[in-house]
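Residue strings, one per chain:
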Amino acid sequence: MDSRAIISVISGGPIWRLRETREWPNLEEDANRTGPGYAADTSPRTRVLVGAASFEAASVMAASASEHAPAEPAVAKDPDHLLDWPGLHARIVSCAACRLSDHRTQAVPGVGDHSADWLFVGEGPGAEEDLRGEPFVGQAGKLLDAMLASLGIARGDRVYIANAVKCRPPNNRTPEPDEIEACFPYLQRQIELIQPRVIVALGRPAAQALLKQEVRIGAARGQAFRFGEIPVVVTYHPAYLLRNPADKGKAWADLCFAKKTLESSPPKAVAAG
Ligand code: URA
């Protein structure tokens, strides 16, 4: 544990507080990002909710839970829904399950180690990600890379990076709940395939996609949520941190909490044979 960290236990859950801010680079603000996911949160604590039990259930849920459910859910009607990585990739890049597909240059499925211990989930691709087909390659991505480096991991090495929605929302707006629901089966399947030991939700839309409940980041920090059996830690989105560098210390504390959570989770089973 970083010697600069001190621990303060607040109302039932560990919250990590720092004496000083972690020195991540002071990158230019990602001015494109707006929306409720980036507002400071002060609401009461949220509660644990377990994620959808299966890919199929998630697909059906995606179709039924939303007021604006897509007419053709992407996966639920496919009998062969237990996709492998190539099948999942193909499905994502050809997806037209919601309106976000109308404006994209390309879908951005995700990047990284397919047997990663860590899964970081962001909100959705921005302009650069839409052009390059890889998540978190803009200014927020540079900060995310620095955050990963501080944990001793790197893009492609023990970590997978994905988004709640795989297509860029127009003008980088926050994705709508029905768009997140339509895309959720893909995230669900990514999690099933990777079986990460910890999931870090970056910002409110990612946390809400995973936890299926209203989340305020400020209140949810430091709590041990679960997606099925997998622990979920909630922290600020890197784009928020670019605009609010004073909160980088809190994000570093959250990453320390995530690391400790991972270290206390069972190691991955090694595939036989
Ligand atoms: N912000 C996100 O949430 N995801 C990206 O891929 C890039 C910026």
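Read on for an overview of the structure. (Residues numbered from 1 in each chain as written. Predicted model: local features only at pLDDT ≥ 70, side-chain atom pairs only at ≥ 80, totals over all residues. Heavy atoms only, no water.)

## Observations regarding the overall build of the protein chain
And then number 1: The number of helices and strands found in the protein chain is nine helices and eight strands.
And then number 2: By residue count, 53% of the 273 residues in the protein chain fall in the buried class.
And then number 3: Long-range pairs, those at least 24 residues apart, make up 76% of the contacts in the protein chain with a sequence separation of at least 6.
And then number 4: With an accessible surface of roughly 11800 Å², the protein chain has 52% of that area assigned to carbon and sulfur atoms. (Helix = DSSP H or I, 4+ residues; strand = E, 2+ residues; numbered from the N terminus. Buried < 20%, exposed > 50% of the residue type's maximum accessible area, 1.4 Å probe, protein only. Contact = heavy atoms within 4.5 Å. Areas by Shrake-Rupley, 256 points an atom, 1.4 Å probe, with all protein chains shown as cover.)

## Looking at the environment of D117
And then number 1: Among the structural elements, D117 can be located in the loop between strand 3 (111-112) and strand 4 (118-122).
And then number 2: Exposure remark for D117: the relative accessible area of 13% places this residue in the buried category.
And then number 3: At 3.2 Å, the side chain of D117 forms a polar contact with the side chain of R158. (Polar contact = N/O pair within 3.5 Å; in protein donor to acceptor, adjacent residues only side chain to side chain.)

## Let's talk about the packing of aromatic side chains
And then number 1: For the structure shown, the criterion picks out four aromatic pairs.
And then number 2: Between W85 and Y160, the aromatic rings sit 5.4 Å apart at their centres with planes inclined by 35°, giving tilted as the arrangement. Here W85 is found in helix 2 (residues 85-93), whereas its partner Y160 is found in strand 5 (residues 159-163), with 75 residues between them in sequence.
And then number 3: A cation sits over an aromatic face here: K212 above F184, 3.2 Å from the ring centre. (Phe/Tyr/Trp six-rings, centres within 6.5 Å; stacked < 30°, edge-to-face > 60°. Lys NZ or Arg CZ within 6 Å of the ring centre and 35° of its normal.)

## A short note on the site of the ligand
And then number 1: Close contacts around the ligand come from ten residues, with E123, G124, F136, N163 and H237 the closest.
And then number 2: G124 is positioned such that a nitrogen or oxygen atom in its backbone is 3.0 Å from a nitrogen atom of the ligand.
And then number 3: The side chain of N163 places a nitrogen or oxygen atom 2.8 Å from a nitrogen atom of the ligand.
And then number 4: Contact with the protein chains hides 99% of the accessible area of the ligand, taken as 240 Å² for the molecule alone.
And then number 5: Its residues placed into classes, the shell around the ligand shows three nonpolar, four polar and three charged. (Near = heavy atom within 4 Å. Nonpolar A, V, L, I, M, F, W, Y, C, P; charged D, E, K, R; others polar.)

## Considering the pairing of strand 6 (residues 198-202)
The two faces of the sheet receive side chains in turn, since in a regular strand these alternate between them.
And then number 1: A large share of strand 6 lies buried, amounting to five of its five residues.
And then number 2: Neither face of strand 6 is exposed, since V198, V200 and L202 on one face and I199 and A201 on the opposite face are all buried.
And then number 3: When strand 4 meets strand 6, the two strands line up parallel, connected through four bridges. Residue pairing across strands places V121 opposite A201, the latter belonging to strand 6. (Pairing = 2+ DSSP bridges.)

## Focus on the sheet that holds strand 7 (residues 225-227)
Adjacent strands of a sheet pair through backbone hydrogen bonds, lying either parallel or antiparallel.
And then number 1: On the basis of which strands lie adjacent, the open sheet formed by six strands has the order 3-5-4-6-8-7 and mixed pairing. Strands with a single pairing partner mark the edges of an open sheet, and in this sheet they are strand 3 and strand 7.
And then number 2: Where strand 6 and strand 8 (residues 230-235) come together, four bridges link them in parallel fashion. By the bridge assignment, A201 is partnered in strand 8 with V234.
And then number 3: Contacts from helix 5 (residues 177-194) reach strand 4, strand 5, strand 6, strand 7 and strand 8 within the one sheet, and its direction differs from that of strand 5 by about 170°.
And then number 4: The sheet strands contacting helix 6 (residues 204-211) are strand 4, strand 6, strand 7 and strand 8, and the helix crosses strand 6 at an angle near 135°. (Axes fitted to C-alpha atoms, helices over the stretch in contact; angles between N-to-C directions.)

## Comments concerning the nonpolar core
And then number 1: Counting residues in each nonpolar core, the largest one holds 66 residues, and the members touching the most others are W118, F120, I199, L210 and V234.
And then number 2: Discounting chain neighbours no more than four positions away, the residues touching I199 are L119, V121, I191, L210, F227, I230, P231, V232 and V233. (Core = buried A, V, L, I, M, F, W, Y, C linked by side-chain atoms within 4.5 Å.)

Interpretation note: all reported values are geometric properties and have no functional meaning in isolation.
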